[in-house]
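# Topology and contacts: notes
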Amino acid sequence: MNDDPDAFTLGPLQAGPPCCEPQPLIQVRNLTLHYDGKTALDNVSLDIYKGCITALIGPSGCGKTSFLSAINRMTDLIPCCGIDGRILVDNQDIHHRDCDVQALRRRIGMVFQKPAPFPLSIRRNIALPLNEHGVTQKKEVAAITETVLRDVGLWGEVCDRLDASALSLSGGQQQRLCIARALALNPEILLMDEPCSALDPIASGVVEDLICRLQGRYTIVIVTHNLAQARRIANYAAFFWVRERTGQLVEFGRCRHIFESPREALTAAYVNGARG
Amino acid sequence: MLTDRVLTGILRSGALLSALIMLLILCFLLLESWPALTGLPVAGFLTDPSWHPLESAYNLMPMLSATLLASIGAITLAVPLGIASALFIVFFAPSHLASLYKRLIELLAGIPSVVFGFWGLTVLVPLISEWQPPGASLLAAVLVLTLMILPMIAITAYTALAAVPDELLQNAAALGLSRWGTIAGVVLPAARAGITAGIILAAARALGETMAVLMVAGNVVQHPESLFDPVRTLAANIALEMAYAMGDHRSVLFVSGLLLMLLVMALSAMAGLLEKHRHV
C-alpha cells in the first residue's frame, strides 16, 4: 500500500492475547477438598489472573486457607486430606504424579499468618532455601539477599546486623523477612494467609504497602479477614461462605464489583457487615 | 495474700534445701579429702610413679585418663546413634513403628546398670577376648557405656525435636526444602539447645558410671595404649577400694570423688557457656 521505504509501519501482530486482557495463571476446576471424609470445600472453580492480587474473603471456617494450601500442595502435609478436581498452574496439573512438588513450591511462595523465621541469622534465613535450590555461590546469594531485603524495605533496618538472629527482629520485621525469604526464590505466585493479622496496625500498614508494591511483578492470592484491606489492595475478590460446615465459593469477580455491586444478596450482606 | 506468701515460702525453702544438699555434699567431699590435699604433696597425684596406696604412691592420672577416654569414646558412639534414632522416630518412622521404637528406647533407659555390666561380662568380654585378649578392656567399657547413655541422648533429642514448632516445618515445606534440607537446616539448629543439654547429662552419667564399667573394664591401673588394654576408672577405683582404705588412702579416694564432681561441674559450666555464646 505504502511504497515509501522510510514510512513507519507496524510489524505483524504477535500471537497471543492482547496485553490488557487478564490472563489466567491458575485455573481451579471443580476443586473439592475433604478432611477425614468431611467435605471442607465443595466444588470450587475460579481463575487467578497473572500479575493481579486476588483476595479470598469470607467468615472463619469457610475453606479459604484450605483453598490456598491446595494451590502449592501444602495439603499434602495433612495426612487425612483428600482432593478432587484439578488445579492447573500454567496449564500444568499440579496434582499429577509427574509434578515435582519442590519445584512447584519454588514457583509458588507462601507467607503464613504467624511470621516464623527460622532460628538462624537473618542472612542464613534467606541463604538456606537458596542453597537448597542450587544457588550456592556466595556472591550470588549475597546479591539476592540484598535485593529481596531492599524489596521488602528491610535492608536499611538490618544491613548492619545480617548475622544477628532473625528472632531478634520485631513481629513486623519478621513477617517482612518471611516475605523476603519467599521472594528470594523468585516465585511467580505468592500465596498469603492473613499476613497482617498477627501484626500491630503500623506494621500491618507497612506490610500492606509492600504487598501493593509487589502487584504486577507477582501473582498474589491473599486470604484476609480485613475487608477494608481486601478492598484497598485487591484487583479480584472471591467470596466464600460456609453452609452446613462445608465451604463454598459464592461469588468471584472484580474487587470493585464484589464490594459495590455484588450479584448475590449474601455477598452484599457480608461486605456491608450485615452477615458474617 | 496469705496463701501466696505461704506458697512462696514453701517453694523458696524447697529450692534452698536442694541447693543446700548440693553444697553439703561438696563440703563433705572437701572435708574428707582435706587430709590428703594438705598432708600429701598435691603434685604427687600427677607425678607419683604409680597407684600403690600401701606404698604411699597416689598417681591418679592413669585412672583419670581411663575415665575420660571411656566417656569420650561412649559419647562419640552414642551421640550420632542417639540423634539418628530420635530423627527416625520423629521424621521417618511410620507412626506405629515410631511409638514401638520409642517404647523400646525408654525400656533401654530403665535397665539397671548392673544388668548392663552382667551382660558385658558374660557376652561382650568373651567376644572381645576371642578377637583381642584379654577382653576386659577400655573397648568393653566404651561399648557398655554407649549402650547405657544412648537412650538418654535419644530421649532428650526426641523431646527437643518434637518441640520444634510446626510453623517452622510448614515454612520449610512451603519454601520447597527437601526433608533432609529441613532437618539439617532448620530442625537441628532449632533443637540444638535441647540436644546439647541431653549430651551433657549423658556425659556426666558416663563419667560417674561405676558398676557396669567395673565389671567389664579389667581394672588394671594403667594408661591404656590401645582400646584392648584393661583400665580402671576413678569411679571403679573408689568402689573397689573404699571398703578397706584407711588414713591417707581413704582421703585420696575422696580426692578422686572430688575430681569426678569437678569434671561434671566443668561440663555443666561448659554447657552454660555454650548457651551464652550461641550464634543466634
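First things first, this report covers the structure right here in the doc. (Residues numbered from 1 in each chain as written. Chains lettered and ligands numbered in written order. Predicted model: local features only at pLDDT ≥ 70, side-chain atom pairs only at ≥ 80, totals over all residues. Heavy atoms only, no water.)

## Some details on the pattern of salt bridges
Using the following cut-off: Any Lys or Arg side-chain nitrogen located within 4 Å of an Asp or Glu carboxyl oxygen qualifies as a salt bridge. Numbering of helices and strands runs from the N terminus, with a helix taken as a DSSP run of H or I at least four residues long and a strand as a DSSP run of E at least two residues long. Note on exposure labels: buried denotes an accessible area under 20% of the residue type's maximum, exposed denotes more than 50%, and partly exposed covers the range between, all computed with a 1.4 Å probe on protein chains only.
Applying the stated criterion across every chain yields a total of 15 salt bridges over all chains. The residue Arg250 of chain B makes a salt bridge to Glu32 of chain B at a minimum N-O spacing of 2.8 Å. Taken together, the residues span a long stretch of sequence, with Arg250 of chain B in helix 11 (residues 247-276) and Glu32 of chain B in helix 1 (residues 2-39) at a distance of 218 residues. The exposure class of Arg250 of chain B is partly exposed, given its relative accessible area of 33%. Several salt bridges converge on common partners, so that one network encompasses Asp90, Arg107 and Glu188 of chain A.

## As for the interface of chain B and chain A
As a reminder of what qualifies: Contacts between residues were defined by any pair of non-hydrogen atoms, one from each residue, lying within 4.5 Å. In this description, buried area is defined as the sum, over both parts, of the accessible area (probe of 1.4 Å) that is lost when the two are combined. Counting of polar contacts relies on pairs of N or O atoms within 3.5 Å, with two restrictions inside protein: one atom must be capable of donating a hydrogen and the other of accepting it, and residues adjacent in sequence are counted only when both atoms are side-chain atoms. Any residue that is not Ala, Val, Leu, Ile, Met, Phe, Trp, Tyr, Cys, Pro, Asp, Glu, Lys or Arg is counted as polar, Gly included; the first ten are nonpolar and the last four charged.
On the side of chain A, 24 residues touch chain B, which itself brings 18 residues to the contact. Of the roughly 1800 Å² buried where chain B meets chain A, counting both sides, 68% is carbon and sulfur surface. At the junction of chain B with chain A, the criterion picks out 1 salt bridge. Note that Glu167 of chain B and Lys114 of chain A form a salt bridge whose closest N and O atoms lie 3.1 Å from each other. Where chain B touches chain A, the interface holds 6 residue pairs in polar contact (both at pLDDT 80 or more). Put simply, the parts of the chain that give the side of chain B that touches chain A at least two residues each are helix 7 (166-174) and helix 8 (179-208) of chain B. Ranked by residues supplied to the side of chain B that touches chain A, first place goes to helix 7 of chain B with 7 residues. Residue composition of the side of chain B that touches chain A, by class: 10 nonpolar, 7 polar and 1 charged.

## Let's talk about the pairing of strand 4 (residues 81-89) of chain A
Residue and element names in this part refer to chain A. The condition that has to hold: Here, strands pair whenever DSSP counts at least two bridges between them.
Here 8 bridges tie strand 1 (residues 24-35) to strand 4, and the two strands are oriented antiparallel to one another. Each bridged residue has a counterpart across the sheet, and for Tyr35 the counterpart in strand 4 is Cys81. In this structure, strand 4 lies alongside strand 5 (residues 92-93), joined through 2 bridges in antiparallel fashion. Residue pairing across strands places Leu88 opposite Asp93, the latter belonging to strand 5. Counting the residues between successive antiparallel strands, the hairpin from strand 4 to strand 5 contains 2 residues, one of them, Asp90, with a positive phi of roughly 55°.

## Re the packing of helix 7 of chain B against helix 8 of chain B
Residues and elements named next belong to chain B. Just so we agree on the cut-off: Every axis in this analysis is a line fitted to C-alpha atoms, fitted for helices over the stretch in contact. Angles between the N-to-C directions lie between 0 and 180 degrees. Reported orientations rely on four angle classes, namely roughly parallel under 35 degrees, roughly antiparallel over 145, roughly perpendicular from 65 to 115, and oblique for the rest. In this scheme the crossing of two helices becomes right-handed for a clockwise turn of the near helix relative to the far one and left-handed for an anticlockwise turn of less than a right angle.
With their axes 11 Å apart at the nearest point, helix 7 and helix 8 run at an angle of 160° to one another. Regarding the angle of helix 7 to helix 8, the classification is roughly antiparallel. Note that helix 7 runs across helix 8; the crossing there is right-handed. Across the interface between the two elements, Leu168, Leu169 and Ala172 from helix 7 touch Thr182, Val186, Val187 and Ala190 from helix 8. Of the residues assigned to the contact of helix 7 with helix 8, the class counts are 6 nonpolar, 1 polar and no charged.

## Comments concerning unusual backbone geometry
Residues Pro133 of chain B and Pro134 of chain B are joined by a peptide bond in cis, for which omega reads 10°. Mapped onto the secondary structure, Pro134 of chain B falls in the loop between helix 5 (113-131) and helix 6 (138-162). Located in the positive-phi region is Arg73 of chain A, a residue other than glycine, with phi close to 60°. Here Arg73 of chain A lies in the loop between helix 1 (64-71) and strand 4.

## Here's the deal with helix 6 of chain B
Formally: Take the residue count of a helix, subtract one, and multiply by 1.5 Å to get its expected span. Bend, in this description, refers to the angle at a residue between axes fitted to the seven residues ending there and the seven starting there.
For helix 6 of chain B, which comprises 25 residues, the first-to-last C-alpha distance of 35 Å matches the rise-based estimate of 36 Å (1.5 Å per residue) to within 8%. For helix 6 of chain B, the principal kink sits at Ile149 of chain B and spans about 35°; a proline, Pro151 of chain B, occurs within the next four residues.

## Considering the side chain of Ser69 of chain A
When you line up the elements, Ser69 of chain A lands in helix 1. Each residue touching Ser69 of chain A, except ones within four places of it in the same chain, is listed here: Met74, Thr75 and Met110 of chain A.

## Topic: the nonpolar core
Let me state the cut-off plainly: Take the buried residues of types Ala, Val, Leu, Ile, Met, Phe, Trp, Tyr and Cys, join any two whose side-chain atoms come within 4.5 Å, and each joined set is a nonpolar core.
Counting 108 residues, the largest nonpolar core has Leu149, Ile179 and Ile220 of chain A as its most contacted members. Per-element accounting of this core gives the leading share, 14 residues, to helix 6 of chain B. Leaving out residues up to four positions away in the same chain, Ile220 of chain A has contacts with Cys52, Ile53, Thr54, Leu190, Met192, Ile211, Leu214 and Gln215 of chain A. Leu56, Met74, Ile108 and Val223 of chain A belong to the second largest nonpolar core, which has 32 residues in total.

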